Amino acid sequence: MRLKYAFAVLTTTTLLLASCGTESGSRTADEKVLDIEMPLKTTSIAPYETDVPVRAGALESLFKVSKEGEVKPWLAKDFKQVSPEKLELTVKDHVTFQNGEKLTGQKVKESIEQALKESDFVKSTLPIKDIQADGQKVTITTKEAYPELASELANPFVAIFDADAKTDINAKPVGTGPYQIKDYQRSQKITLKRNDDYWHGKPKLEGVTVTYQEDGNARVSHLQSGEVDLITDVPVNRVKQLEENDDTKVSRVSGYRTQMMIYNQDSNKMTHDVREALDKVIDRKGLAKDVSNGYAKPATGPFNDHLDFIADHKVKTQDIAGAKKLMEDAGYSAAHPLKIQLVTYEGRPELPKMAQVIQSDAKKAHIDIEIRSVDDIEGYLADRSQWDATMYSFGTIPRGDTGYFFNQALHEEGSINKGAYHNKAVTQMIDTLNHTVDKAQREALSNQIINQAAQDIPASYITYNDTVDGLNKDVTNFKATPEGIYLVDDKVDIQDAN
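These numbers come from a predicted model, not from an experiment.

Draft legend 1. Local environment of the layout of surface pockets. Its boundaries defined by the atoms lining it, the second largest pocket holds a volume of some 750 Å³. What lines the second largest pocket is a set of 34 residues, and nearest its centre among them are Lys64, Val65, Thr481, Tyr486 and Asp489. Those elements that provide at least two residues to the lining of the second largest pocket are helix H2 (52–55), strand E2 (63–65) and strand E3 (71–73). Of the residues that constitute the lining of the second largest pocket, the class distribution is 19 nonpolar, six polar and nine charged.

Draft legend 2. Just empty space enclosed by the protein, in detail. Tallied over the entire structure, the rule returns three cavities of 30 Å³ or more. By volume, the largest cavity amounts to about 110 Å³. What lines the largest cavity is a set of 15 residues, among which Ile262, Ala409, Leu410, Pro458 and Ala459 lie closest to the centre. For the lining of the largest cavity, the secondary-structure elements that each account for two or more residues are strand E12 (248–263), helix H13 (403–410) and strand E17 (459–472). Within the lining of the largest cavity, the residues separate by chemical class into 12 nonpolar, two polar and one charged. Each pocket or cavity is described by its volume, and for the second largest cavity that value is around 50 Å³. Looking at the second largest cavity, the residues that line it are Thr300, Gly301, Pro302, Phe303, Ile310, Ala311, His313, Ile450 and Tyr464. The residue inventory of the lining of the second largest cavity, partitioned by class, reads six nonpolar, three polar and no charged.

Draft legend 3. Expanded view of the environment of lysine 92. Position of lysine 92 relative to the elements: it lies in the loop between strand E5 (86–91) and helix H3 (105–118). Taking C-alpha positions, lysine 92 is 39 Å from lysine 297, a pair spaced 205 residues apart along the chain. Non-local contacts of lysine 92, meaning those with residues more than four positions away in its chain, are made with Trp74, Leu75, Ala76, Lys77, Leu103, Gln136 and Trp199. There is a polar contact of 2.7 Å between the side chain of lysine 92 and the backbone oxygen of tryptophan 74.

Draft legend 4. Broad picture of the UniProt feature "domain: Solute-binding protein family" (unreviewed entry) in the chain. On the UniProt side, "domain: Solute-binding protein family" (unreviewed entry) is annotated at positions that read residues 70–413 here. Taken as a whole, residues 70–413 contains 28% helix and 26% strand, while its terminal C-alpha atoms sit 27 Å from one another.

Draft legend 5. Up close: the packing of helix H14 (residues 424–434) against helix H15 (residues 439–454). Where H14 contacts H15, the axes come no closer than 10 Å and their chain directions differ by 165°. Here H15 runs roughly antiparallel to H14, going by the angle between their axes. Every pair of crossing elements has a handedness; the one defined by H14 and H15 is left-handed. Residues Val426, Met429, Ile430, Thr432 and Leu433 of H14 touch H15, and the partners they reach there are Arg442, Leu445, Ser446, Gln448, Ile449, Gln452 and Ala453.

Draft legend 6. Spotlight on the confidence of the model for the chain. With 94% of its residues at a pLDDT of 70 or more, the chain has an overall mean of 91. Contacts from residues 1–26, a stretch scored under 50 in pLDDT, to residues over four places away or in other chains number 71 contacts.

Draft legend 7. Up close: H13. Counting buried positions along H13 gives eight out of eight residues, so the element sits mostly inside the fold. Looking at H13, one finds that the buried residues are Gly403, Tyr404, Phe405, Phe406, Asn407, Gln408, Ala409 and Leu410.

Draft legend 8. Geometry of the pattern of salt bridges. Scanning the entire structure with this criterion turns up 21 salt bridges. The salt bridge partner of arginine 252 is aspartate 466, with a shortest N-O separation of 2.7 Å. Placement of arginine 252 in strand E12 and of aspartate 466 in strand E17 is noted, with a sequence separation of 214 residues between them. Exposure remark for aspartate 466: the relative accessible area of 15% places this residue in the buried category. As a salt-bridge pair, lysine 297 and aspartate 305 come within 2.9 Å of each other at their nearest N and O atoms. Classification of lysine 297 as partly exposed rests on a relative accessible area of 26%. Note on aspartate 305: relative accessible area 18%, which makes it buried. Salt bridges linked by common partners bring Lys107, Asp162 and Asp164 together as one network.

Definitions and limits used
- Residue numbers run consecutively from 1 along every chain, following the written order of its sequence.
- Totals for whole chains, interfaces and linings use all residues, but because this is a predicted model, local features are given only for residues with pLDDT of at least 70 and pairs of side-chain atoms are given and counted only at 80 or more.
- Processing note: side-chain calculations cover all non-hydrogen atoms of the structure and skip hydrogens and water entirely.
- A cavity here means a set of 1 Å grid points, computed over protein atoms only, where a 1.4 Å probe fits but cannot escape. A pocket is an open set with protein on both sides within 12 Å along at least 5 of 7 lines, and lining residues have an atom within 4 Å of a point.
- Grid points are joined across faces, edges and corners, and a volume is the space filled by probe spheres set on the points.
- The helix count covers DSSP runs of H or I at least four residues long, the strand count covers runs of E at least two residues long, and both are numbered beginning at the N terminus.
- Note on residue categories: nonpolar means Ala, Val, Leu, Ile, Met, Phe, Trp, Tyr, Cys or Pro, charged means Asp, Glu, Lys or Arg, and polar means any other residue, Gly included.
- Contacts are residue-level and defined by heavy atoms, with any inter-residue pair within 4.5 Å sufficient.
- Side-chain atoms alone can form a polar contact between residues adjacent in sequence; in general such a contact is a pair of N or O atoms within 3.5 Å, and within protein one must be able to donate a hydrogen while the other accepts it.
- UniProt positions are given in the numbering used here, feature names are shortened, and annotations may be inferred rather than shown by experiment.
- Note on definitions: angles span 0 to 180 degrees between N-to-C directions of axes, and those axes are lines fitted to C-alpha atoms, for helices only across the stretch in contact.
- Note on angle classes: values under 35 degrees are labelled roughly parallel, values over 145 roughly antiparallel, values of 65 to 115 roughly perpendicular, and the remainder oblique.
- Here a crossing is taken to be left-handed if its near helix is turned anticlockwise relative to the far helix by less than a right angle, and right-handed if that turn runs clockwise.
- pLDDT is defined as a per-residue confidence score from the predictor, taking values between 0 and 100.
- When a residue's accessible area, from a 1.4 Å probe over protein chains only, is under 20% of the maximum for its type it is buried; when over 50% it is exposed; and in between it is partly exposed.
- Put simply, a salt bridge is a Lys or Arg side-chain nitrogen that is within 4 Å of an Asp or Glu carboxyl oxygen.

Here it is as structure tokens:
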């Protein structure tokens, strides 16, 4: 299975957190420098180690995901999936790197090959057998059928860089983006300057700085005080405050992250009836409104249903009476309830709150939930002997293709199949999807997989989170994106900076 170890590697190499933030960079009155504060620190800004260079506008990928979830060429001019194992693309002819070198097919080949060599994560998500370059043409052959290759080449971890550049790639990767990395203080601050020769047009800003702060409330305070101009991951309980402040504003969009409760298939307590009862217990509309403060919408399945190709389903209404009957038919009662352990974690602050609401409602259906909050959620879930269900947050469709979630979470060998879900029919359908090139056929098959897996209730999908970013009122031409990756482009500006 090609994605077997992807999540573990990503977790250990990329999302390295530290406990303290740093003060934002400051600008003088005559500068147009956008100060950004985000929650995750990195010990390297090599593109195959983190998405930060793409978020900051320094690097770009061959493909880009639109707000509608469609993968479109970016540094690539056009592309064609000539067979399930072969993708042909043409690189745009007028693009240069920030050091003046022209972007060619050979440069793309060298960049991808170095990423494959240096990153186990990239290697696990891109089963590439061979890359050939001829002028601006690039032909990529995979080891097996891989029709979602174009989608994975939109991954910021496969952003294109000049592999021949005479700079330290961990501190100053050279890309094609509107802003060039000038200085990197490890785990503290990145300073970028304008790329005056940017191929897509002269960028509006003179520069960008990126600093780090884990504490969401601290990020909000820094935005309100004017220390920073843009913050990501605004806590839902602080959004209204930013909206009502004359000096700040909010950009939000329905995102591709799904909050869910995953059921442990190895637990003898978690029978189909119990899973169905718990699914009925969940008040999706209430949780979206009251826990997420309206900055989420009720989920109808694993993928945000605003995507055009996802079939419409109604939001399930809470049915305590139906859940109670299922549990009583299974032999449980108020005097003898089913006792299960539900795991959660503070990394997504809304999840423990959702767990408490579910705990209260489940008690009415003869299910006694013990909530355990853990620091290392991935490590804890690895031992399925110690839990029955877990709250989880999953970016289910980060690059516009359902294959990512299906292979990771529902395939028998999926690296994020936390509950050990296995259904041979579903696995076979996913394998078929992995060999299907035609877009319409992939979309139809994706909906069939959703419906087939739903009969087993491997998880309860609760809400789709909004992507919420906070801005200084003077920041213009910025819009939050569903996947939360594209922060800075050549159009973002600051009014009245002088």
